[in-house]
Amino acid sequence: MNILVTGGAGFIGSNFLNLMVPRHPEHHWVNVDSLTYAANLANLVSIADRPNYALERVDITDLGAVGALFERTKPAVVVHFAAESHVDRSIHSPGAFIATNITGTFNLLEEFRALPKDQAKLFHHVSTDEVYGSLGATGAFTEQTSYDPSSPYSASKAASDHLVRAYHRTYGLPMKLTNC
């Protein structure tokens, strides 16, 4: 099975790949990353030469590039870590957050939706707890906590969460959404 992992050169994505690539040699892992300021290829040295791993430098905000990537790799699973994620950066320059977190997620969802139904196994969207706002008196969030984003970053991630849920409800696509 081919598995696309977006943002795989970032902190969480690289840890995920370092765990999963050696553990599941029967799958082909494609790390999709635009290699911006948050990427660190040094985190992937231990898996870089494995036969079941490949790096694709692709900007998910480019629908044509995402379409070509899906055509080349024919994924069954997408694990979507890629995001602009620094709150202070989002306050000073929110445009990149809208582009990557909303438009990039939309592009991935559109290409996943276009896959043959028997091929599209799972779209796993990795979000953030920041969509829930600041911790209240209880000091914890649950899946029933209302969204209350408080920065362009958290608002863009909340929007992407809603897109993922809408694609599941509207198109019946297999989705998982986690908030780390």
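Residues numbered from 1 in each chain as written. Predicted model: local features only at pLDDT ≥ 70, side-chain atom pairs only at ≥ 80, totals over all residues. Heavy atoms only, no water.

(A) Representation of the overall build of the protein chain in the model. Scanning the protein chain for helices and strands turns up five helices and six strands. Counting from the amino terminus, helix and strand elements in the protein chain follow one another as β-α-β-β-α-β-α-α-β-α-β. By the compact-globule yardstick of 16 Å for 180 residues, the protein chain fits well, its C-alpha radius of gyration being 16 Å. When its C-alpha atoms are laid out on the principal axes, the protein chain stretches across 50 × 40 × 30 Å. (Helix = DSSP H or I, 4+ residues; strand = E, 2+ residues; numbered from the N terminus. Rg over C-alpha atoms; globule rule 2.2 N^0.38 Å.)

(B) Spatial organisation of the layout of surface pockets. By volume, the largest pocket amounts to about 610 Å³. Taken together, 32 residues line the largest pocket, and the ones lying closest to its centre are Ala38, Phe81, Ala82, Ala83 and Ser85. Sorting the residues of the lining of the largest pocket by element identifies α1 (11-23), β2 (28-33), α4 (95-114), β5 (122-127) and α5 (152-171) as the ones contributing at least two each. Looking at the lining of the largest pocket residue by residue, the classes come out as 17 nonpolar, eleven polar and four charged. (1 Å grid on protein atoms, 1.4 Å probe; cavity = no way out; pocket = protein on both sides within 12 Å on 5 of 7 lines; lining within 4 Å. Points joined across faces, edges and corners; volume = space filled by probe spheres on them. Nonpolar A, V, L, I, M, F, W, Y, C, P; charged D, E, K, R; others polar.)

(C) Representation of the nonpolar core in the model. Grouped together as the largest cluster of nonpolar side chains are 20 residues, with contacts concentrated most on Leu4, Val32, Phe70, Phe112, Phe123 and Met175. Looking at this core, the elements with two or more residues in it are β2, α2 (63-73), α4 and α5. Phe112 has contacts with Phe70, Ala76, Val78, Ala120, Lys121, Leu122, Phe123, Leu173 and Pro174, leaving out every residue within four places of it along the chain. One finds Ala9, Tyr53, Ala76 and Val79 within the second-largest nonpolar core, a separate group that totals 15 residues. (Core = buried A, V, L, I, M, F, W, Y, C linked by side-chain atoms within 4.5 Å. Buried < 20%, exposed > 50% of the residue type's maximum accessible area, 1.4 Å probe, protein only. Contact = heavy atoms within 4.5 Å.)

(D) A look at the sheet that holds strand β4 (residues 77-80). Here we have six strands laid out as an open sheet, ordered β3-β2-β1-β4-β5-β6, and parallel in their pairing. Every other strand in the sheet has two partners, leaving β3 (53-57) and β6 (175-179) as the edge strands with one partner each. Along the sheet, successive strands turn relative to each other by an average axial angle of 15°, direction set aside. One ladder, built from five bridges, connects β5 with β6; its direction is parallel. Bridge pairing in β6 links Val126 to Thr178. Each of β1 (2-6), β2, β3 and β4 is contacted by α2, which is oriented at about 150° to β1, the strand it contacts most. Against the sheet, α5 makes contact with β5 and β6, and its axis sits at roughly 160° relative to β5, the strand it touches most. (Pairing = 2+ DSSP bridges. Axes fitted to C-alpha atoms, helices over the stretch in contact; angles between N-to-C directions.)

(E) Quick peek at α2. Turning to α2, its buried residues are Val66, Gly67, Leu69, Phe70 and Thr73. Around the axis of α2, the buried residues are gathered within 160° of arc, so they sit on the same side. Opposite its buried face, α2 presents the exposed residues Gly64 and Glu71, each directed more than 90 degrees away. Here α2 starts with a cap whose side-chain oxygen sits 3.1 Å from the backbone nitrogen of Gly64, and that cap is Asp62. Remark: Lys74 follows α2 within two positions and exhibits a positive phi of approximately 45°. (Arc of directions from axis to C-beta. Polar contact = N/O pair within 3.5 Å; in protein donor to acceptor, adjacent residues only side chain to side chain.)

(F) Representation of α1 within the structure. When the terminal C-alpha atoms of α1 are compared, their 19 Å separation across 13 residues agrees well with the 18 Å that a helix rising 1.5 Å per residue should span. Taken together, the buried positions of α1 are Gly13, Ser14, Leu17, Met20 and Val21. Of the surrounding elements, those touching the buried residues of α1 are β1, β2 and β3. (Expected span 1.5 Å × (residues − 1).)

(G) Spotlight on the packing of aromatic side chains. On inspection of all chains with the given rule, the structure shows five aromatic pairs. With a centroid separation of 5.3 Å and 55° between ring planes, the pair formed by Phe16 and Phe81 is classed as tilted. Of this pair, Phe16 sits in helix α1 while Phe81 sits in the loop between β4 and α3 (87-92), placing them 65 residues apart in sequence. Overall, the relative accessible area of 15% leaves Phe81 in the buried class. Aromatic pair Tyr167 and Tyr171: ring centres 5.0 Å apart, planes at 55°, arrangement tilted. Separated by four residues within a single helix, Tyr167 and Tyr171 lie in helix α5, roughly one turn from each other. A residue is classified by how much of its surface remains accessible, and Tyr171, at 35% relative accessible area, is partly exposed. In textbook terms, an aromatic cluster arises when at least three aromatic residues are bridged by ring pairs, as seen for Phe16, Trp29 and Phe81. Taking NZ or CZ as reference, Arg113 lies 4.2 Å from the ring centre of Tyr171, over its face. (Phe/Tyr/Trp six-rings, centres within 6.5 Å; stacked < 30°, edge-to-face > 60°. Lys NZ or Arg CZ within 6 Å of the ring centre and 35° of its normal.)

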